[in-house]
Amino acid sequence: MTGKVDRMARKPDRIRIEVFGPASEAETAEHAFRPSNEAILSLARLIGRQMAREQFERARALERKQARQKRSRPMR
């Protein structure tokens, strides 16, 4: 059980954004924007997961509603 706790402890609990001052040497655009790109990708992943959860919940709610309606219909 301690192995499971150790793995969970390593998970970062927040996104760290670092601010850098002007560089003395010319940097490529890719290198200069890499930290912000990583933050944007992390945020996009979080938003995508939330959207998927909400879509899944809507689908499950619709299935439950249809099942209730099917059960409550009078037999002919």
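Before reading on, note that the structure itself is shown above.
Here goes a summary of the coordinates provided. Here the residue numbering is sequential within each chain, running from 1 through the sequence in written order. It should be noted that, the model being predicted, local features are given only for residues of pLDDT at least 70 and side-chain atom pairs only at 80 or more, the latter also being counted only at that level, while totals for whole chains, interfaces and linings use all residues. By convention in this description, side-chain values take in all heavy atoms of the structure and omit both hydrogens and water.

## Some remarks on the environment of isoleucine 17
Position of isoleucine 17 relative to the elements: it lies in the loop between helix 1 (2-9) and helix 2 (29-72). Each residue gets one of three labels from its accessible area relative to the maximum for its type: buried under 20%, exposed over 50%, partly exposed in between, using a 1.4 Å probe on protein chains only. Overall, the relative accessible area of 64% leaves isoleucine 17 in the exposed class. Counting along the chain gives 22 residues from isoleucine 17 to alanine 39, while the straight-line C-alpha distance between them is 7.2 Å. For helices the rule is a DSSP run of H or I covering at least 4 residues; for strands it is a run of E covering at least 2, with both sets numbered from the N terminus onward.

## Here we look at the pattern of salt bridges
Within this document, salt bridges are pairs made up of a side-chain nitrogen of Lys or Arg and a carboxyl oxygen of Asp or Glu, the two lying within 4 Å of each other. Considering all chains together, one arrives at 1 salt bridge under this definition. Across the salt bridge formed by glutamate 63 and arginine 60, the nearest N and O atoms sit 3.2 Å from each other. Placement of both glutamate 63 and arginine 60 in helix 2 is noted, with a separation of 3 residues, approximately one turn of the helix. According to the relative accessible area criterion, arginine 60 is partly exposed, its value standing at 35%.

## Quick look at a nonpolar patch on the surface
Judged by side-chain polarity, Ile15, Ile17, Leu43, Leu46, Ile47 and Met51 come together as a nonpolar surface patch covering roughly 610 Å² of accessible area. With respect to the element layout, leucine 43 can be found in helix 2. By relative accessible area, leucine 43 is classed as partly exposed at 46%. Exposure above 30% relative accessible area and no salt bridge define the residues that can form patches, which grow by joining like charges within 9 Å and nonpolar side chains of Val, Leu, Ile, Met, Phe, Trp and Tyr within 5 Å. The Shrake-Rupley method, run with a 1.4 Å probe, gives the accessible areas here. Residue values count only the displayed protein chains as cover.

## Description of a positive patch on the surface
We treat Lys and Arg as the positive residues and Asp and Glu as the negative residues; His and chain ends play no part in the count. Where a charge sits is defined by one atom per residue type, namely NZ (Lys), CZ (Arg), CG (Asp) or CD (Glu). Together, Arg64, Lys65, Arg68 and Arg71 make up a positively charged patch on the protein surface. By the element assignment, arginine 68 lies in helix 2. Relative accessible area serves as the criterion here: at 47%, arginine 68 is assigned to the partly exposed category.

## A look at the environment of glutamate 38
Residue position: glutamate 38 is located in helix 2. On the accessibility criterion, glutamate 38 (45% relative accessible area) is partly exposed. Separated by 23 residues in the primary sequence, glutamate 38 and isoleucine 15 have C-alpha atoms spaced 9.7 Å apart.

The analysis is restricted to geometry; functional conclusions fall outside its scope.
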